[in-house]
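Commentary on secondary and tertiary structure
As a plain string of letters, each chain reads:
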Amino acid sequence: MRNVMKLLLSVTVLLALTTARTGTVEVPRELVRDREKRQLSEQTVMVTTILQSPFIMAKPTGDLEGFCIDLLQLLAKRLKFNYEIKLVKDGFYGTRLENGNWTGLLGELMSEEADMAIAPLTITRMREATFGFTHPFMSVGISILVRKDSNSQGSSLFQFLSPFSVETWLGLLIAYVLTCFCLFLAARLSPNEWSEPEVENSRFSLLDSFWFGVGSLTLQGVGPHPRALSTRIIGTIWWLFSIVFLVAYITYFAASLRSETQRPLIESFEDLAKQNEIEYGTVYGGSTFAFFKNSKIPIYNKIYETMNGKSDSVLVQTMAEGVQRVLDSNYALIGESSTIDLAVAEHCNLMRVSGFAAVRGYGIATRLGDPFREDLTRAVIDLEESGSLQQLKAKWWKSSCSSENSAEWSPLKPNQIGGIFLLLAIGLSLGLVIACIELAVKSRKKADQDKPCCNVFTEELNLRFKGRSEANEKNKA
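Quick caveat: nothing in here was measured; it's all calculated off a predicted structure. (Residues numbered from 1 in each chain as written. Predicted model: local features only at pLDDT ≥ 70, side-chain atom pairs only at ≥ 80, totals over all residues. Heavy atoms only, no water.)

Here's the deal with the nonpolar core
Stated formally: For the purposes of this section, nonpolar cores are sets of buried Ala, Val, Leu, Ile, Met, Phe, Trp, Tyr and Cys residues that join through side-chain atoms within 4.5 Å. Only protein chains enter the area calculation, which uses a 1.4 Å probe; residues under 20% of their type maximum are buried, those over 50% are exposed, and those in between are partly exposed. Contacts are assigned to residue pairs with any non-hydrogen atoms lying within 4.5 Å of each other.
The biggest cluster of nonpolar side chains holds 35 residues, and the ones touching the most others in it are Phe269, Leu272, Phe292, Ile303, Met307 and Ile334. Ignoring anything within four residues of it in the chain, the contact list for Ile334 reads Ile142, Ser143, Phe269, Leu272, Tyr280, Gly281, Thr282, Thr288, Phe292, Ile303 and Met307. Of all hydrophobic cores here, the second largest spans 31 residues; its members include Phe67, Ile69, Leu71 and Val140.

A short note on the layout of surface pockets
We count it as follows: Using only the protein atoms, space was sampled on a 1 Å grid; points where a 1.4 Å probe fits but cannot get out form cavities, open sets with protein on both sides within 12 Å along at least five of seven lines form pockets, and lining residues are those with an atom within 4 Å of a point. Grid points are joined across faces, edges and corners, and a volume is the space filled by probe spheres set on the points. Every helix listed is a DSSP run of H or I at least four residues long, and every strand listed is a run of E at least two residues long, numbered separately from the N terminus.
Taken as a whole, the second largest pocket spans an internal volume of roughly 780 Å³. If you go around the second largest pocket, you meet 24 residues; those closest to its centre are Met126, Gly286, Ala290, Phe291 and Asn294. Every element with two or more residues in the lining of the second largest pocket is listed here: α5 (125–130), α10 (287–294) and α11 (298–309). The element best represented in the lining of the second largest pocket is α10, accounting for six residues.

Concerning helix α18 (residues 418–446)
The test is simple: What a helix is expected to span follows from its residue count: subtract one and scale by 1.5 Å.
Taking 1.5 Å per residue, 29 residues should reach 42 Å; α18 reaches 43 Å between its end C-alpha atoms and fits that length. Of all the positions in α18, only Ile420, Leu424, Gly427, Leu428, Gly431, Ile434, Ala435, Glu438, Leu439, Lys442 and Ser443 are classed as buried.

As for unusual backbone geometry
The amide bond that connects Ser53 to the next residue, Pro54, takes the cis arrangement and shows omega of 0°. Examined against the element boundaries, Pro54 turns out to sit in the loop between β1 (44–49) and β2 (57–58). Look at Glu112: it is not a glycine, yet its phi comes out positive at around 65°. With respect to the element layout, Glu112 can be found in the loop between α4 (104–110) and β5 (116–117). The exposure class of Glu112 is exposed, given its relative accessible area of 59%.

Quick word on the side chain of Thr49
Our working definition: By the criterion applied in these results, polar contacts are pairs of N or O atoms within 3.5 Å in which, for protein atoms, one can donate a hydrogen and the other can accept it, and in which residues neighboring in sequence qualify only through two side-chain atoms.
If you trace the backbone, Thr49 turns up in strand β1. Residue class for Thr49 comes out buried when judged on its relative accessible area of 0%. Here Ile118 takes part through its backbone oxygen, which lies 2.8 Å from a polar atom of the side chain of Thr49. In this structure Thr49 touches Ile56, Leu64, Ile85, Lys86, Leu87, Val88, Leu105, Ile118 and Ala119, once residues within four positions along its chain are discounted.

Observations concerning the pattern of salt bridges
Pairing between side chains of opposite charge can happen when their charged atoms approach one another. Test applied: What makes a salt bridge here is a side-chain nitrogen of Lys or Arg within 4 Å of a carboxyl oxygen of Asp or Glu, nothing more.
Counted by the stated rule, this structure contains nine salt bridges. Here Glu113 makes a salt bridge to Lys89, at a shortest N to O gap of 3.1 Å. You can see Glu113 sitting in the loop between α4 and β5 and its partner Lys89 sitting in the loop between β4 (82–87) and α4, a full 24 residues away along the chain. Its relative accessible area of 34% is what places Glu113 among the partly exposed residues.

This is the structure we're talking about:
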């Protein structure tokens with residue numbers, strides 16, 4: 001036991017001497033992280049940015065405002081650091097030069113003029129290999145901004161069919177055929193419409209029924225007119241159905257004529273590359289231009305070659321310049337959807353093409369290996385999960401267009417007027433039931449002791465649907 005105690009004492013003394021000699025003690029990682037945070041909170045972080053509405057905008061007083069400014073304030077409050085913000089000197093986001101240096105925001109990070117770059121800065125493979133990026137605070141895609149009137153084709157030869165969808169036209173056709181057939185059946189069954197089938201022809205043939213249906217659709221009272229209660233019910237419900245459809249057709253046809261986005265000329269990047277009526281371009285030196293330059297997809301490569309071949313006339317220096325050019329001329333601007341959505345919200349005569357070329361993210365950039373990046377990433381994720389980022393986007397992307405202007409026209413679908421189809425079905429069923437009741441009442445009056453009512457009803461049905469000749473031959477036999 002004494003030997004064991006001596007051994008433990010020797011080991012303890014040896015460890016103490018080693019620690020005193022090296023002067024180092026292992027510190028838990030949590031303490032290191034807390035120490036880094038305390039050091040960051042004691043210093044001022046230099047932030048570089050670029051003017052880009054609504055991310056960064058200049059107030060009349062000279063101060064800055066926008067989505068990124070609000071985001072920076074939230075991050076500074078969470079991580080407890082001070083900051084000084086300044087605009088980038090050369091006005092570029094950042095591209096890599098042949099000598100390995102970078103321009104713009106990223107160049108100032110590399111030269112240690114700034115510690116952080118906060119802007120709509122796209123995370124790309126080349127940028128991420130040289131700089132540290134946080135978790136994206138916004139996801140965007142590359143899309144196309146055009147003016148509504150320049151993106152509309154001429155009216156189609158069959159535009160008169162556009163108010164209704166294909167399903168609605170098909171439903172109208174089925175309703176017409178079914179109604180006319182039910183009117184024909186009711187006219188045959190009802191003794192008030194065809195009282196003496198042995199000696200006279202029916203007032204309502206199948207052709208007459210279809211002609212009556214056409215007359216109702218055109219609001220023309222063509223004959224013969226129904227006399228029985230059953231046929232009048234069917235005729236009335238068909239007139240009501242026709243009036244609702246005519247009113248809906250006139251309303252939607254007028255809306256289709258006013259609609260400027262019904263048949264767009266450009267709906268995708270394939271359409272943009274194939275047409276020659278609208279010039280297109282993007283911001284020179286930006287990530288969008290680099291995406292098309294490095295893309296291996298033939299359509300995107302063709303778009304790059306077209307833009308590069310006319311670089312002097314189609315490429316712009318800023319997105320604001322590109323938006324103004326779209327407003328003033330026959331021009332399409334290719335850019336990230338966040339900026340394009342803002343232009344659409346501010347100018348009601350602009351529209352964004354629905355197709356996307358790529359989906360990427362905006363991130364906050366730091367120097368590669370900077371421990372501050374991990375803290376920023378955690379803070380951005382917390383803001384995303386708490387809904388703060390969505391609130392900021394709703395604040396700075398508020399549309400100035402009225403709901404009437406922003407609502408897109410679409411053809412009338414059957415589910416929008418399903419009630420009138422249901423009402424028609426009820427009316428047709430009721431008309432046929434009443435026609436059967438009318439025939440049953442007549443059969444009961446004709447019945448005697450030799451022939452019960454059911455037999456008379458069956459004979460009436462045979463007489464009305466087999467024809468007089470067959471019925472007379474049967475009676476002679």
